[in-house]
Amino acid sequence: MLGLIGTHRPGAYAQFCVSPARNVHRVPDGISPAVAASLALNGPVAANQLAQAGLRPGHWVLVQGAASALGSATAALARHLGARIIAASRSPKKREALAAAGAEVVLDATAPDFASQVREATGGHGADIVVDNPGDPTVWKATIDALARGGTVVTSGAFLGGKVQLDLLRLYSDCQRVIGVRAGNPASVEALWTQVERGFRAVLDRTFPIAHAADAHRYLEDGSNVGRVALTLGPADWEV
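Here the structure is a predicted model, which is why all the values come from computation and not from measurement.

> Outline the overall build of the protein, listing residues and values.
Secondary structure assignment for the protein yields eight helices and eight strands. For a compact globule of 240 residues, the expected C-alpha radius of gyration is about 18 Å, and the protein comes in at 18 Å, within 12% of that figure. Structurally, the protein occupies a C-alpha span of about 60 × 35 × 35 Å along its principal axes. For the protein, with 240 residues in total, the buried portion stands at 41%. Residue pairs in contact within the protein that sit at least 24 positions apart in sequence constitute 66% of those at least 6 positions apart. Taken as a whole, the protein presents about 12,900 Å² of accessible surface, with 55% of it coming from carbon and sulfur. In the protein, 22 positive and 20 negative side-chain charges are present, and the distance between their average locations comes to 5 Å.

Right, here's the structure in full:
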């Protein structure tokens, strides 16, 4: 049974926690604890998403909500593995940041002609893989319209609604797939740290000392982040 520290078990906000030895992986030299935490939290999920979707170098990968912690990690990992990235965000400020981070194409998923823009950018082909973690029903049709024949939509979240309509005639006629990926697994953990050894890094937006965790939550609620927000430990954090 899947058990996540901080979700199914307490301990995520502790100075120390206990983990099964089989779940521990050596962190390569030169990686800070905050970056290591960002990699460990989102990297295995991103690696599993891309593996389950059948990513190959040269694929067009559209990431909805690409400024989120998981979305940014998936986009960065896909790019690291040779994919061409279309990053989508509602926020003009975040789209600027995504372009600066290396996304080949940056779009607003709520634009009326979003699917047409994706097809134009891909030479009429469409996105081979769409990572749609937000699960926003208002952009679902555009997501499917942007998907290439034989393409795959993969999701690991549905916090913007999640209930969408699916045209089964189109799904089987175009040989498309919609799959869910709940978390990482041992294979994706190993794949993730292999790519870290080869230079991959997750997107870390900023850090907060754990004594200011409430500020970190408010920052996330404001929707200002582009990438992972991490809490750090230090002597001062345990003197409050």
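> I'd like to hear about a nonpolar patch on the surface, residue by residue, with values.
There is a patch of nonpolar side chains on the surface, built from Leu 166, Leu 168 and Val 178 and spanning about 250 Å² of accessible area. Mapped onto the secondary structure, Leu 168 falls in helix 6 (residues 168-173).

> How would you summarise the nonpolar core if you had to cite specific residues and measurements?
Among the nonpolar cores identified, the biggest contains 33 residues, and Leu 39 and Val 61 are the most heavily contacted of them. Elements represented by at least two residues in this core include exactly helix 1 (33-53), strand 1 (60-64), helix 2 (69-80), strand 2 (84-88), strand 4 (127-132) and helix 7 (186-197). Sort the elements by how many residues they give to this core and helix 1 lands first, with seven residues. Apart from the residues lying within four places of it in its own chain, the contact partners of Val 61 are Leu 55, Ala 78, Ala 83, Arg 84, Ile 85, Ile 86, Ile 129 and Val 131. Within the second largest apolar cluster, 19 residues are counted, among which are Ile 86, Ala 88, Leu 107 and Phe 114.

> So what's going on with the pairing of strand 2? Residues and values would help.
Counting buried residues along strand 2, four of its five residues qualify, which places the element largely inside the surrounding structure. As defined by bridge partners, strand 1 adjoins strand 2 across five bridges and the pair is classed as parallel. Opposite Val 61, over in strand 2, you have Ile 85 as the bridge partner. By the bridge criterion, three bridges tie strand 2 to strand 3 (residues 105-107) in an arrangement that is parallel. Opposite Ala 87, over in strand 3, you have Val 106 as the bridge partner. As a crossover connection, the stretch from strand 2 through helix 3 (residues 92-100) into strand 3 is right-handed.

> Which residues make up the packing of aromatic side chains, and what are the values?
How two aromatic rings sit relative to each other is given by the distance of their centres and the angle of their planes. Evaluated as defined, the whole model comprises one aromatic pair. For the ring pair Phe 208 and Tyr 219, a centre distance of 5.8 Å and an interplane angle of 55° mean the geometry is tilted. Taken as a pair, Phe 208 in strand 7 (residues 204-209) and Tyr 219 in helix 8 (residues 213-222) lie far apart in primary sequence, eleven residues in all. The exposure classification of Phe 208 matches that of Tyr 219, with both residues buried.

> Got a sec to walk through helix 3? Specific residues and values, please.
Within the span of helix 3, buried status applies to Lys 94, Arg 95 and Leu 98. Down the axis of helix 3, the buried set is contained in an arc of 105°. They therefore lie on one face. Turned more than 90 degrees away from the buried face of helix 3, the exposed residues are Pro 92, Lys 93, Glu 96 and Ala 100. Contact partners of the buried residues in helix 3: strand 2 and strand 3. Note on helix 3: the residue one or two positions beyond its end, Gly 102, has a positive phi of about 115°.

> Before we move on, could you go through unusual backbone geometry and cite the residues and values that matter?
One non-glycine residue with positive phi stands out, namely Cys 175, at about 55°. Relative to the assigned elements, Cys 175 resides in the loop between helix 6 and strand 6 (177-180). Overall, the relative accessible area of 49% leaves Cys 175 in the partly exposed class.

> Got a sec to walk through the pattern of salt bridges? Specific residues and values, please.
All told, the structure shown has nine salt bridges when counted by the stated rule. In this structure, Glu 197 and Arg 26 form a salt bridge, with 3.0 Å as the shortest nitrogen-oxygen distance. Here Arg 26 lies in the segment before helix 1 and Glu 197 lies in helix 7, a separation of 171 residues in the sequence. The class of Arg 26 is exposed, set by a relative accessible area of 53%. Each member of the salt-bridge network shares a partner with another, and the members are Lys 141, Asp 145, Arg 149, Arg 170 and Asp 174.

Analysis parameters
Residues numbered from 1 in each chain as written. Predicted model: local features only at pLDDT ≥ 70, side-chain atom pairs only at ≥ 80, totals over all residues. Heavy atoms only, no water. Helix = DSSP H or I, 4+ residues; strand = E, 2+ residues; numbered from the N terminus. Rg over C-alpha atoms; globule rule 2.2 N^0.38 Å. Buried < 20%, exposed > 50% of the residue type's maximum accessible area, 1.4 Å probe, protein only. Contact = heavy atoms within 4.5 Å. Areas by Shrake-Rupley, 256 points an atom, 1.4 Å probe, with all protein chains shown as cover. Lys, Arg positive; Asp, Glu negative; His and termini not counted. Charge placed at Lys NZ, Arg CZ, Asp CG, Glu CD. Patch = residues over 30% accessible without salt bridge, like charges linked within 9 Å, V, L, I, M, F, W, Y side chains within 5 Å. Salt bridge = Lys/Arg side-chain N within 4 Å of Asp/Glu carboxyl O. Core = buried A, V, L, I, M, F, W, Y, C linked by side-chain atoms within 4.5 Å. Pairing = 2+ DSSP bridges. Right-handed = clockwise from strand over helix to strand, strands pointing away. Phe/Tyr/Trp six-rings, centres within 6.5 Å; stacked < 30°, edge-to-face > 60°. Arc of directions from axis to C-beta.

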